[in-house]
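A look at the structure
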Amino acid sequence: MTKLKLGPIADDKPIKVTLELPASLHRDLIDYAEILGREAGQQPTDPVRLIVPMLERFIATDRGFAKARRGTPSAGTPIA
């Protein structure tokens, strides 16, 4: 079984998002939705519904962002 970074997408109130994606990224989202659905034993979800959980996961695992959010000076930043 493939280990994906996202788990099953919760059946949640839909959120309308309008943005332009490169065609290659859209194809990747379609493929990801198909694999995720297959792994969960469900039908593929709408690829647009992957965007929010992917962004949440990205932000949650971005150590640089977490460090900056805490206000910790990063390496090379002089402390005043």
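Residues numbered from 1 in each chain as written. Predicted model: local features only at pLDDT ≥ 70, side-chain atom pairs only at ≥ 80, totals over all residues. Heavy atoms only, no water.

A few words now on the confidence of the model for the chain. Per-residue confidence for the chain gives a mean pLDDT of 83, with 84% of residues at or over 70. Looking at the elements of the chain, mean pLDDT is at its lowest for helix H3 (residues 63-70), recorded as 85, and at its highest for helix H1 (residues 23-40), recorded as 95. (pLDDT = per-residue confidence, 0-100. Helix = DSSP H or I, 4+ residues; strand = E, 2+ residues; numbered from the N terminus.)

What follows covers the nonpolar core. Of all hydrophobic cores here, the largest spans nine residues; its members are Leu4, Leu6, Ile9, Leu29, Tyr32, Ala33, Leu36, Leu50 and Ile51. Among the elements that line this core, the one with the most residues is H1, at four residues. With near-sequence residues (within four places) excluded, Leu4 lies in contact with Tyr32, Ile35, Leu36 and Glu39. (Core = buried A, V, L, I, M, F, W, Y, C linked by side-chain atoms within 4.5 Å. Buried < 20%, exposed > 50% of the residue type's maximum accessible area, 1.4 Å probe, protein only. Contact = heavy atoms within 4.5 Å.)

This paragraph deals with the environment of Glu34. Mapped onto the elements, Glu34 comes out in helix H1. You can call Glu34 partly exposed: its relative accessible area is 40%. For the pair Glu34 and Pro47, spaced 13 residues apart in sequence, the C-alpha separation works out to 8.7 Å.

For the rest of this paragraph, the subject is a nonpolar patch on the surface. On the surface, a cluster of nonpolar side chains totalling about 290 Å² of accessible area is made up of Phe58, Ile59 and Phe65. Mapping Phe65 onto the fold places it in helix H3. (Patch = residues over 30% accessible without salt bridge, like charges linked within 9 Å, V, L, I, M, F, W, Y side chains within 5 Å. Areas by Shrake-Rupley, 256 points an atom, 1.4 Å probe, with all protein chains shown as cover. Salt bridge = Lys/Arg side-chain N within 4 Å of Asp/Glu carboxyl O.)

Once that is clear, we can look at the environment of Gln42. Topologically, Gln42 is positioned in the loop between H1 and helix H2 (51-60). Gln42 sits 34 residues away from Pro8 along the chain, and the two C-alpha atoms are 9.0 Å apart.

Before going further, it helps to spend a moment on H1. Given 3.6 residues per helical turn, the α-helix brings residues three or four places apart onto the same face. Taking 1.5 Å of rise per residue, the 18 residues of H1 would be expected to cover 26 Å, and the 26 Å separating its terminal C-alpha atoms lies within 8% of that figure. Looking at H1, one finds that the buried residues are Leu29, Tyr32, Ala33, Leu36 and Gly37. Across the axial projection of H1, the buried residues extend over an arc of 130°, all falling on one side. For H1, exposure combined with an orientation more than 90 degrees from the buried face picks out Arg27 and Arg38. Against H2 lie the buried residues of H1. Just downstream of H1, Gly41 is the residue with a positive phi angle, here 70°. (Expected span 1.5 Å × (residues − 1). Arc of directions from axis to C-beta.)

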